[in-house]
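Reading the structure
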Amino acid sequence: MHDIRLIRENPSDFDAAMAKRGKGAESTVILDLDRRRRELLTELQAGQARRNEASKAIGAAKAAKDEATASALMAEVAALKQRLPELEAEEARIGGELDELLASLPNIPLADVPEGADEDDNALVHERGARPDFAFAVKEHDVIGPALGLDFETGALIAGARFTLVRGQMAKLARALGQFGLDTLTREHGYEEVSPPLLVRSEAMFGTGQLPKFAEDLFETTDGRWLIPTAEVSLTNIVREKILSPEELPLRFTALTPCFRSEAGSAGRDTRGFIRQHQFEKAEMVSIVAPEQSEEEHERMTAAAEDVLTRLGLPFRRMKLCTGDMGFTAARTYDLEVWLPGQGRYREISSCSTCTDFQARRMNARFRPEGEKATRFVHTLNGSGLVVGRMIVAILENYQQEDGSVWVPEVLQPYLGGVNRLEPR
């Protein structure tokens, strides 16, 4: 959500920021609605004050036996009683239209975000890790996986396309990855583990920006709740409608949860294999910080996601997304892309974003700085600590052997009872 005061003060700057996000000049419409709403509020408040004043004067006029004045005042009050509800309804309509427009516009990109239309315009920040060399023809994960326990056919038979049954040693690997991700984020990086709701109300989805714009990408239940597309929704809404003290900040949460996405906008993309599923597990990171902490926190969060990849021995690179490739709520996003030898290219495996106060305004999440009476909106950040499905893809392709087996990264072996190799059935 955007601060209407900043748009009033700098309409041209706002339009320039929206242009970077592929939007037209919106400030004229916004400010016209804002002006009309404020005019209606002024008239409404004046009318209410006059009604109260006239109502009191009626009693005084009757006490003085001034029937003409009393009758005139009564007629005025009657007219105001008819007019005020009309003003209230019109103000509500204009205010709703303004709020709907503001809620539909993406966050303002930070100054260092590169301008561009799509992923081709993203900027490389750095590369880490050595790509593996193979003395044999490498395979993609969907070729390696079935013999190890990725059952694409049965998953589709049970639930339809983009569902996979994960069996045996692959199920154990998935469990090990989730536990490793949580342990690393909590023990090494100071995140508090949370077990959050998987079903949330519409208000929670609105707060983090999934609604109303991305309803088609979500799964809604028959009672009006929504399956979370990421634990970001539940974790960020922990501070919804709260006023925090400075001592409580920063807050850092992590949760390993199932995630559910309809993938409505990805028809025809990644239809094979384990890359893009309707249901997957992810260890999410969320930070709630004071505004002056958010820059450092973004780097800290991204470094935590990089640490997970480094410990697993996977080659990756960090990309700074351009304005045309960022998510709706992001002011800046770093994508971590892992090298997939089978595909011969880098693929996104983690995304870490700072949302500044954009989500906080939608959630009314604030804090009161020490020594100040007024409150300020917090800044929110979110990132993928470990996406289990995509991490399985990366391990299968980077640790594959010619005989179809796959080495287990050393840090995962204790979670698998010392097993260091996945063997094809």
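Residues numbered from 1 in each chain as written. Predicted model: local features only at pLDDT ≥ 70, side-chain atom pairs only at ≥ 80, totals over all residues. Heavy atoms only, no water.

**Remarks on the overall build of the protein**
Filter applied, for reference: Helix and strand definitions follow DSSP, with helices as H or I runs of at least four residues and strands as E runs of at least two, each counted in order from the N terminus. In this treatment the radius of gyration is a C-alpha quantity, and the globule benchmark scales as 2.2 Å times the residue count to the 0.38 power. A simple rule labels every residue: compare its accessible area, found with a 1.4 Å probe on the protein chains alone, to the largest value its type can have, and call it buried under 20%, exposed over 50%, or partly exposed in between. Contact between two residues is taken to exist if any of their heavy atoms lie within 4.5 Å; hydrogens are not considered. To measure how exposed things are, a 1.4 Å probe is used in the Shrake-Rupley method; for residues, cover is taken only from the protein chains shown. Under this rule, positive means Lys or Arg and negative means Asp or Glu; His and the chain ends count for nothing. A single reference atom marks each charge: NZ on Lys, CZ on Arg, CG on Asp, CD on Glu.
Looking only at helices and strands, the protein has 12 helices and 18 strands in total. Radius of gyration (C-alpha) of the protein: 28 Å, far over the 22 Å computed for a compact globule of 425 residues. Across its three principal axes, the protein shows a C-alpha extent of roughly 105 × 45 × 40 Å. Going through the 425 residues of the protein one by one, you find that 48% of them count as buried. A sequence separation of at least 24 residues applies to 72% of the contacts in the protein between residues at least 6 apart. For the protein, the accessible area works out to roughly 20,000 Å², and carbon and sulfur atoms hold 49% of it. Taken as two groups, the 53 positive and 68 negative side-chain charges of the protein have centres that lie 3 Å from each other.

**So, unusual backbone geometry**
Omega for the peptide link from Leu211 to Pro212 comes to 5°, which places this bond in the cis form. As for its position among the elements, Pro212 is in the loop between α8 (202-207) and β6 (219-220). Geometrically, the link from Leu249 to Pro250 is a cis peptide bond, its omega value of 0° lying close to zero. Following the sequence through the fold, Pro250 ends up in the loop between β8 (243-244) and β9 (251-260). Of note in this structure, Glu241 is not a glycine but carries a positive phi near 55°. Locating Glu241 in the fold gives a position in the loop between α9 (232-236) and β8.

**With respect to the state of the cysteines**
The condition is simple: Two cysteine sulfur atoms make up a disulfide if the distance between them is within 2.5 Å.
In total, this model carries zero disulfides according to the counting rule given. Cysteine Cys352 shares no disulfide, and the gap to the nearest cysteine sulfur, in Cys355, comes to 11 Å. For Cys352, a relative accessible area of 0% gives the class buried.

**Topic: the sheet that holds strand β14 (residues 366-367)**
Heads up, the condition is: Each pair of strands is called paired provided DSSP finds at least two bridges between the two strands.
What the three strands build is an open sheet, ordered β8-β14-β15; its pairing is mixed. One side of each edge strand has no neighbouring strand; the edge strands of this open sheet are β8 and β15 (376-377). Where β14 lies against β15, two bridges are found, and the strand directions are antiparallel. Looking at the pairing, Phe367 lines up with Arg376 of β15.

**Details of the sheet that holds β6**
If you trace the three strands from one edge of the open sheet to the other, you get β5-β7-β6, paired in antiparallel fashion. Of all the strands in the sheet, the pair left with one neighbour each is β5 (199-200) and β6. Judged from the two bridges that link them, β5 and strand β7 (residues 226-227) form a sheet pairing that is antiparallel. Paired with Leu199 across the bridge in β7 is Leu227.

**Considerations on the side chain of Thr208**
Heads up, the condition is: As used in this structure description, the phrase polar contact means that two N or O atoms lie within 3.5 Å; if the pair is within protein, one of them must be able to donate a hydrogen and the other to accept it, and residues adjacent in sequence are counted only when both atoms belong to side chains.
Secondary-structure assignment places Thr208 in the loop between α8 and β6. Take Thr208: its relative accessible area is 1%, and that puts it in the buried class. Polar contacts involving the side chain of Thr208 include one to the main-chain carbonyl oxygen of Ala204, which spans 3.3 Å. Excluding residues within four positions of it along the chain, Thr208 makes contact with Glu232, Val233, Thr236, Asn237, Thr329 and Gln359.

**So, helix α10 (residues 294-311)**
Condition: What a helix is expected to span follows from its residue count: subtract one and scale by 1.5 Å.
The end-to-end C-alpha distance of α10, which contains 18 residues, comes to 26 Å, matching closely the 26 Å that a straight helix rising 1.5 Å per residue would cover. Positive backbone phi, approximately 70°, marks Gly313, located one or two places after α10.

**Some points on the pattern of salt bridges**
Side chains bearing opposite charge may pair, as long as their charged atoms lie close to each other. Here is the rule: The rule for a salt bridge is simple: a side-chain nitrogen of Lys or Arg has to be within 4 Å of a carboxyl oxygen of Asp or Glu.
Per the stated rule, a full pass over the model turns up 33 salt bridges. Across the pair Arg83 and Glu86 runs a salt bridge whose closest N-O atoms are separated by 3.5 Å. Remark: Glu86 and Arg83 occur in helix α4 (residues 67-104); sequence separation between them is three residues, near one turn of the helix. Where Glu97 meets Arg93, a salt bridge forms, and the shortest distance between an N and an O atom there is 3.4 Å. On the criterion of helical spacing, the pair formed by Glu97 and Arg93 is a turn pair, its members being four residues apart in helix α4. Taking the relative accessible area as the measure of exposure, Glu97 reaches 38% and is therefore partly exposed. A relative accessible area of 43% places Arg93 in the partly exposed class. By sharing partners, the salt bridges in this structure join Asp3, Arg5, Asp357 and Arg361 into a single network.

**Brief notes about the environment of Arg83**
By relative accessible area, Arg83 is classed as partly exposed at 34%. Counting along the chain gives 36 residues from Arg83 to Gly47, while the straight-line C-alpha distance between them is 8.5 Å. Of note is the side chain of Arg83, whose polar atom sits 3.2 Å from the side chain of Glu43.

**Examining the pairing of strand β13 (residues 345-354)**
The element β13 is extensively covered by neighbouring structure, given that eight of its 10 residues are classed as buried. Pairing geometry for strand β12 (residues 332-340) and β13, over nine bridges, is antiparallel. Bridge pairing in β13 links Glu337 to Glu348. Taking the residues between adjacent antiparallel strands as the criterion, β12 and β13 are bridged by four residues, where Gly344 takes a positive phi near 70°.

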